[in-house]
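Fold and geometry: a report
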Amino acid sequence: APAATRAVAAGEALPGVGEGARSEAPPRPPRRQTGLVLETGTHVPAGVAIVVASATGDCTIFDAASDDAANRLELCHGYPSPAADAARPRIALFQPARGRGPATVHRGKTRSNGAVHVYTVALARKDPKGTGAQADLVADVFVDGVPEIEGKPLEKSRGFSDRVVLAADHLGRWPLRGVIHDFALFSGTVPAAFVRGVERALADEYGVDVGEPDDAEAATPDAPSENDEFFDAEDDDDFDDEDEDDDGDQ
């Protein structure tokens, strides 16, 4: 069976402290550190993360980040586009800029309306024979068993890294306005049937209706769309702080 890390956190997270959308202004520092930090003990560039959570507004579900804040991967309802989506942003997978390259946001369909969902993030190496902590990855995101982000690239990524922050970003910002009910992280190549079985079991436990991926309509077309954005780190101030190493990133 795949190596697994599992955490269960109950109770309501601190309310969001940022004013407005991330695309408009950076949030103020939180009044106290937020988020549950999980040290995996080993680097996990590829694998599968499954989290059961509810979310309202612009907030972070989890942020996989080591001490280098530039090498992180965030699952959130955030980075709204267009700006009118700020009240209920769609699910998004965010990776900061690599050097002078662009930052990446891949978006799905599901909005943050307070409902409980089973979120699954699957990362695989483009080169199955590749090794090393950093690699070009392919990302898929499922919500309640239905694919919403499929086969999207993450260049020079550290994947799930060796440190995952639940219910906030890596600096304790954009805290989850909702509840993390369950979280599991599986390292390496994970059989799809195993993942679907875990999703169904968690859905049954928390009363979530799970769809069938094979029958679902793809959430993102092959052609470029508003679901995918690549930001120029030089031109967008909102991503200037992603490469900074902060004392709060412990």
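Read on for a plain summary of the structure. (Residues numbered from 1 in each chain as written. Predicted model: local features only at pLDDT ≥ 70, side-chain atom pairs only at ≥ 80, totals over all residues. Heavy atoms only, no water.)

**Details of the overall build of the chain**
Test applied: Every helix listed is a DSSP run of H or I at least four residues long, and every strand listed is a run of E at least two residues long, numbered separately from the N terminus. Each residue gets one of three labels from its accessible area relative to the maximum for its type: buried under 20%, exposed over 50%, partly exposed in between, using a 1.4 Å probe on protein chains only. It only takes one pair of heavy atoms within 4.5 Å for two residues to be counted as in contact. Values of accessible area rely on a 1.4 Å probe in the Shrake-Rupley scheme; residue burial ignores everything except the protein chains shown.
Along the backbone of the chain there are 1 helix and 13 strands. Going from the N terminus to the C terminus, the chain shows its helices and strands as β-β-β-β-β-β-β-β-β-β-β-β-α-β. Expressed as a percentage of the 250 residues in the chain, the buried residues total 52%. Considering only residue pairs separated by 6 or more positions, the chain has 72% of its internal contacts joining residues 24 or more positions apart. Here the chain has roughly 11200 Å² of accessible surface; of this, 49% comes from carbon and sulfur atoms.

**Section: the nonpolar core**
Rules: Joining through side-chain atoms within 4.5 Å is the link that ties buried Ala, Val, Leu, Ile, Met, Phe, Trp, Tyr and Cys residues into a set, and such a set is a nonpolar core.
Of all hydrophobic cores here, the largest spans 32 residues; its most connected members are Val51, Ile61, Phe62, Leu75, Leu93 and Phe183. Residues Val52, Val118, Phe186 and Val195 belong to the second largest nonpolar core, which totals 13 residues.

**Describing helix H1 (residues 192-206)**
Two residues of an α-helix separated by three or four positions point the same way, owing to the 3.6 residues in each turn. Rule in force here: Here a helix's expected span is defined as the number of its residues, less one, multiplied by 1.5 Å. To obtain the arc, one takes the directions from the helix axis to the C-beta atoms.
Across its 15 residues, H1 extends 21 Å between first and last C-alpha, which sits within 8% of the 21 Å expected from 1.5 Å per residue. For H1, the set of buried residues is Val195, Arg196, Val198, Glu199, Leu202 and Ala203. Down the axis of H1, the buried side of the element spans an arc of 160°, and every buried residue falls inside it. Within H1, the exposed residues directed more than 90 degrees away from the buried face are Ala193, Asp204 and Glu205.

**Describing the environment of Gly211**
Along the chain, the position of Gly211 falls in the loop between H1 and strand S13 (228-232). Spatially, the C-alpha atom of Gly211 lies 9.3 Å from that of Arg200, the residues being 11 residues apart in sequence.

**Re the pattern of salt bridges**
Just so we agree on the cut-off: A carboxyl oxygen of Asp or Glu within 4 Å of a side-chain nitrogen of Lys or Arg is what we treat as a salt bridge.
Tallied over the entire structure, the rule returns 7 salt bridges. The partner of Asp63 in a salt bridge is Arg72, and the shortest N-O contact between them spans 2.7 Å. The two residues Asp63 and Arg72 agree in class, both being buried. Taking the shortest distance from any N to any O, the salt bridge between Asp85 and Arg111 comes out at 3.4 Å. On the criterion of sequence distance, the pair formed by Asp85 in the loop between strand S5 (72-77) and strand S6 (90-95) and Arg111 in strand S7 (residues 102-111) is long-range, its members being 26 residues apart. In this structure Arg111 comes out as partly exposed when scored by relative accessible area, which is 28%.

**Thoughts on the environment of Lys156**
By secondary structure assignment, the location of Lys156 is in strand S10 (residues 146-157). The spatial distance from the C-alpha of Lys156 to the C-alpha of Asn71 is 8.6 Å, given a sequence separation of 85 residues. Beyond its immediate sequence surroundings of up to four residues, Lys156 is in contact with Asn71, Arg98, Gln134, Ala135 and Asp136.

**A look at the pairing of S5**
Threshold: Two strands make a pair as long as DSSP finds a minimum of two bridges between them.
In terms of residue burial, S5 counts as a mostly covered element, since 6 of its 6 residues are buried. Neither face of S5 is exposed, since Arg72, Glu74 and Cys76 on one face and Leu73, Leu75 and His77 on the opposite face are all buried. Two strands pair when backbone bridges link them, and strand S4 (residues 59-65) and S5 are joined in this way by 6 bridges, in the antiparallel orientation. Across the sheet, residue Ala65 finds its bridge partner in S5, namely Arg72.

**Describing the packing of aromatic side chains**
Put simply, the test is: Between 30 and 60 degrees the pair is tilted, below 30 it is stacked and above 60 it is edge-to-face, where a pair is any two Phe, Tyr or Trp rings, Trp via its six-membered ring, whose centres lie within 6.5 Å.
Under the defined criterion, the tally for this structure stands at 4 aromatic pairs. Note on Phe62 and Phe183: the rings are 5.8 Å apart at their centroids and 70° apart in plane angle, and the pair reads as edge-to-face. Taken together, the residues span a long stretch of sequence, with Phe62 in strand S4 and Phe183 in strand S12 (residues 178-187) at a distance of 121 residues. Grouping residues by exposure puts Phe62 and Phe183 together as buried. Ring centres 4.3 Å apart and planes at 15° place the aromatic pair Tyr79 and Phe94 in the stacked group. Taken as a pair, Tyr79 in the loop between S5 and S6 and Phe94 in strand S6 lie far apart in primary sequence, 15 residues in all.

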